[in-house]
Amino acid sequence: MVYGGDGLARLAADEKGPGKAAFVPFVLESERVEASMVEEKPGFVRARADKILTPSLERVEPPCPYFARCGGCHYQHANYDHQLKIKSAILRETLRRTAKLDLKDEIHIHPSPPWQYRNRTRMQLRAKTGQDLALGYYRFGSHDLLPVEECPISSPLINRAISVLWELGRAGEVSPDVVEVEFFANSDDTELMVELTVTDQLKAEPYIEDFAAALRQAMPAAIGVAVFRLTHQRTLVREDIPPELEQDFGTDELTYRTRTANYVVSAGSFFQTNRYMTDELVEVVTGGRHGGFALDLYAGTGLFSLPLSQNFREVAAVESGPFAFHDLRRNCPSNVSGYRTTTDTFLSKLPAGAAFDLIIADPPRSGLGEKVARALAEVSTPRITYVSCDPATLARDLRILVDAGFRVEETRLVDLFPQTYHIESVVQLVR
């Protein structure tokens, strides 16, 4: 199994040389399958498994009726324990192949409840005036919309909201201007924030107003509806809402409670998506750490900055996103200094001799990148905690940090995304 959800096979050799690599989704290692080629490239082919001839003992019946058609999940055909083994093996192999790091110790695995774990779900929406609605995800391998009426990895409250949207659509009450809807549920799954993305050429604003009011009336748990314009950077259009309609749209923020702190999360801000694993992730990243100065890079709304503030004298928190930075400032106490800038810019402006007892880096899927990784290696610190959601970019960055004198002390896999190929890992680096 390889990162991305595919199984790696090889075509038979012929007179032209060794057979090409073949990537086949929805299979498991050691299975014998009958497959059809769907795409051929100079160095590999992509194939579709038409029939499982010899199934793996780890294969199970996927519970979701949309599995293999929907592009959201990749591993529902494997039992959950085996999914964790697949991810651990992929993480280890990627670090060995790309970073030339052969982990001596085991990868500590933190499993999640495998179903109904998502507190945030984004769906595509297509509606026309009348009773024509399509709400769902992109089909596997395409940007064609697959209508879905349930999502077993999303929370019960989000699934109720999906049902309500379908009911409103059939009643002709969904605005035709909405192209995307995102649900964000609080920690105990009792309150919901709804984010609507509308076309940049929003014409029929009354439809949005009526839709927001109808949605909140049909779904009392929806405490707020926020509207964003579909531009290069999604633009919040709440300021366009007349004051007399504020009640229909409700609040534009939600309070997310964890074991150690409460976080205000505004519409447009990022927050971790697994409602069962937030506390465990925070403990893995910040637990047992204390000292004078800590640096939290890609800080978001302050998920790590806030617990760090309780055990460090001062914390510097760096976040470039405007919505997240706004929440970061509200969530953190006075010993946390927020910097709204990119990590690259922040590191380039650090004074000579700046030192931190701990640096936490939780970059997006693209990772740190060579420039940031090299700059980070120049900062005086005995410990870096790297939180990654992509093993390939993690391996690339680790190679730079290890060459600069760090060593991997510990590697953990915190499974925030069951049923999918996504791998969340936490690597402790020391020097």
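The structure under discussion appears in the preceding block.
Since this is a predicted model, take the numbers as computed values, not measurements.

What counts and what doesn't
- Positions within a chain are numbered from 1, following the residues in the order the chain's sequence is written.
- Confidence filtering applies because this is a predicted model: local features only for residues at pLDDT of at least 70, side-chain atom pairs given and counted only at 80 or more, and all residues used for totals across whole chains, interfaces and linings.
- Side-chain metrics in this entry use all non-hydrogen atoms of the structure; hydrogen atoms and water are not considered.
- In this analysis, rings of Phe, Tyr and Trp, with Trp reduced to its six-membered ring, are considered paired at centre separations within 6.5 Å, and the interplanar angle assigns stacked below 30 degrees, edge-to-face beyond 60, and tilted for intermediate values.
- Whether a charge sits over a ring depends on NZ of Lys or CZ of Arg being within 6 Å of the ring centre and within 35 degrees of the ring normal.
- The salt bridge definition used is simple: a Lys or Arg side-chain nitrogen within 4 Å of an Asp or Glu carboxyl oxygen.
- By the criteria applied, helices consist of DSSP H or I runs no shorter than four residues and strands consist of E runs no shorter than two, each listed in order from the N terminus.
- Throughout this description, buried means an accessible area under 20% of the type-specific maximum (1.4 Å probe, protein chains only), exposed means over 50%, and partly exposed covers the range between.
- In this description, a nonpolar core means a group of buried Ala, Val, Leu, Ile, Met, Phe, Trp, Tyr and Cys residues linked to one another through side-chain atoms lying within 4.5 Å.
- Note on contacts: a residue pair qualifies if any of its non-hydrogen atoms lie within 4.5 Å across the two residues.
- The term polar contact refers here to a pair of N or O atoms within 3.5 Å; inside protein, the definition further demands a hydrogen-donor-capable atom paired with an acceptor-capable atom, and it admits residues adjacent in sequence only when both atoms are side-chain atoms.
- Helix axes use the C-alpha atoms of the stretch in contact, all axes being lines fitted to C-alpha atoms, and the angles between their N-to-C directions lie in the range 0 to 180 degrees.
- Any angle from 65 to 115 degrees is called roughly perpendicular, while one under 35 is roughly parallel, one over 145 is roughly antiparallel, and all others are oblique.
- Two helices cross in a left-handed way if the nearer one is turned anticlockwise from the farther one by less than a right angle. They cross in a right-handed way if the turn is clockwise.
- In the scheme used here, Gly and all other residues not listed as nonpolar or charged are polar, with Ala, Val, Leu, Ile, Met, Phe, Trp, Tyr, Cys and Pro taken as nonpolar and Asp, Glu, Lys and Arg as charged.
- In short, DSSP must find at least two bridges between two strands for them to pair.

Whenever I open this one, the packing of aromatic side chains confuses me. Can you help?
In this description, an aromatic ring pair is defined by two values, namely the gap between the centres and the angle between the planes. A full pass over the atoms with the stated rule returns 10 aromatic pairs. Between Tyr263 and Phe271 the ring centres are 5.7 Å apart and the planes differ by 55°, which places this aromatic pair in the tilted class. Across the ring face of Phe184, the terminal group of Arg120 is positioned such that the distance to the ring centre comes to 4.1 Å.

Explain the pattern of salt bridges here, please?
A side chain with one charge can pair with a side chain of the opposite charge if their charged atoms come near. A complete count under the given rule lists 21 salt bridges for this structure. The salt bridge involving Glu40 is made with Lys20; its shortest N-O contact spans 2.9 Å. Of this pair, Glu40 sits in strand β3 (residues 32-40) while Lys20 sits in the loop between β1 (6-10) and β2 (21-25), and the two are 20 residues apart along the sequence. Asp397 is the salt-bridge partner of Arg396, the closest N and O atoms lying 3.0 Å from each other. Arg396 sits in the partly exposed class, given a relative accessible area of 34%.

Help me understand the nonpolar core, please; the structure alone is not making it clear to me.
As a rule of thumb, nonpolar side chains are buried together in soluble globular proteins. Core analysis: the biggest nonpolar cluster contains 78 residues, and Leu125, Leu165, Val181, Phe183, Leu192 and Val194 have the highest contact counts within it. Sorting elements by how many residues they give to this core places helix α2 (residues 156-170) first, with 8 residues. Ignoring anything within four residues of it in the chain, the contact list for Leu192 reads Leu157, Ile158, Ala161, Phe183, Phe184, Ala185, Met219, Ala221, Ala222, Ile223, Gly224 and Leu254. Grouped together as the second largest cluster of nonpolar side chains are 39 residues, Ile90, Val318, Ile400 and Leu401 included.

Would you mind showing me how to read the side chain of Thr381 here?
As for its placement among the helices and strands, Thr381 is situated in the loop between α9 (370-378) and β19 (383-388). Judged by its relative accessible area of 5%, Thr381 falls in the buried class. The contact partners of Thr381, leaving out residues within four places of it in the chain, are Phe356, Asp357, Leu358, Ile359, Phe406 and Arg431.

Teacher, can you tell me more about the environment of Ser309 here?
Secondary-structure assignment places Ser309 in helix α6 (residues 305-309). Among the residues examined, Ser309 registers a relative accessible area of 11% and is labelled buried. On a C-alpha basis, the gap between Ser309 and Pro18 in space is 57 Å, while along the polypeptide they are 291 residues apart. Leave out the neighbours within four places in its chain, and Ser309 touches Val315, Pro333, Asn335 and Val336. Reaching out from Ser309, the side chain makes a polar contact with the backbone oxygen of Leu306 at a distance of 2.5 Å.

Looking at this structure, I do not really get unusual backbone geometry. What am I missing?
If a residue is not glycine, its phi is most likely negative; likewise, a peptide bond is most likely trans. Despite not being glycine, Tyr298 shows a phi value in the positive range, around 60°. The residue Tyr298 is located in the loop between β15 (291-297) and α6 in this model. What makes Tyr298 partly exposed here is its relative accessible area of 22%. Positive phi outside glycine occurs at Gln419, with the angle close to 75°.

What should I look at first to understand the packing of α9 against helix α10 (residues 391-403) in this one?
Pairs of packed helices are described in terms of their axes, by the angle between the two and the distance that separates them. At a closest axis distance of 9 Å, the pairing of α9 and α10 adopts a crossing angle of 30°. By the angle between their axes, α9 is roughly parallel relative to α10. Where α9 crosses over α10, the handedness of that crossing is right-handed. Note on element contacts: α10 touches α9 through Asp397, Ile400 and Leu401, opposite Glu370, Ala373, Arg374 and Ala377. Taken together, the residues of the contact of α9 with α10 break down into 4 nonpolar, no polar and 3 charged.

Before we go on, may I ask you to explain the sheet that holds strand β21 (residues 425-430) in this structure?
Think of a sheet as strands paired side by side through backbone hydrogen bonds, with each pair either parallel or antiparallel. The strand order across the open sheet formed by 8 strands is β5-β20-β21-β19-β18-β15-β16-β17, and the pairing between neighbours is mixed. Of all the strands in the sheet, the pair left with one neighbour each is β5 (108-110) and β17 (336-339). Across the sheet, the axes of successive neighbouring strands diverge by a mean angle of 15°, strand direction being ignored. Relative to strand β16 (residues 312-318), β15 runs parallel, the two sharing 6 bridges. Paired with Leu297 across the two strands is Val318, which belongs to β16. Packed onto the sheet, helix α5 (residues 278-286) meets β5, β18 (358-361), β19, β20 (407-414) and β21 and runs at close to 10° relative to β21. Its contacts with the sheet place α10 against β19 and β21, and it is angled at close to 160° to β19.

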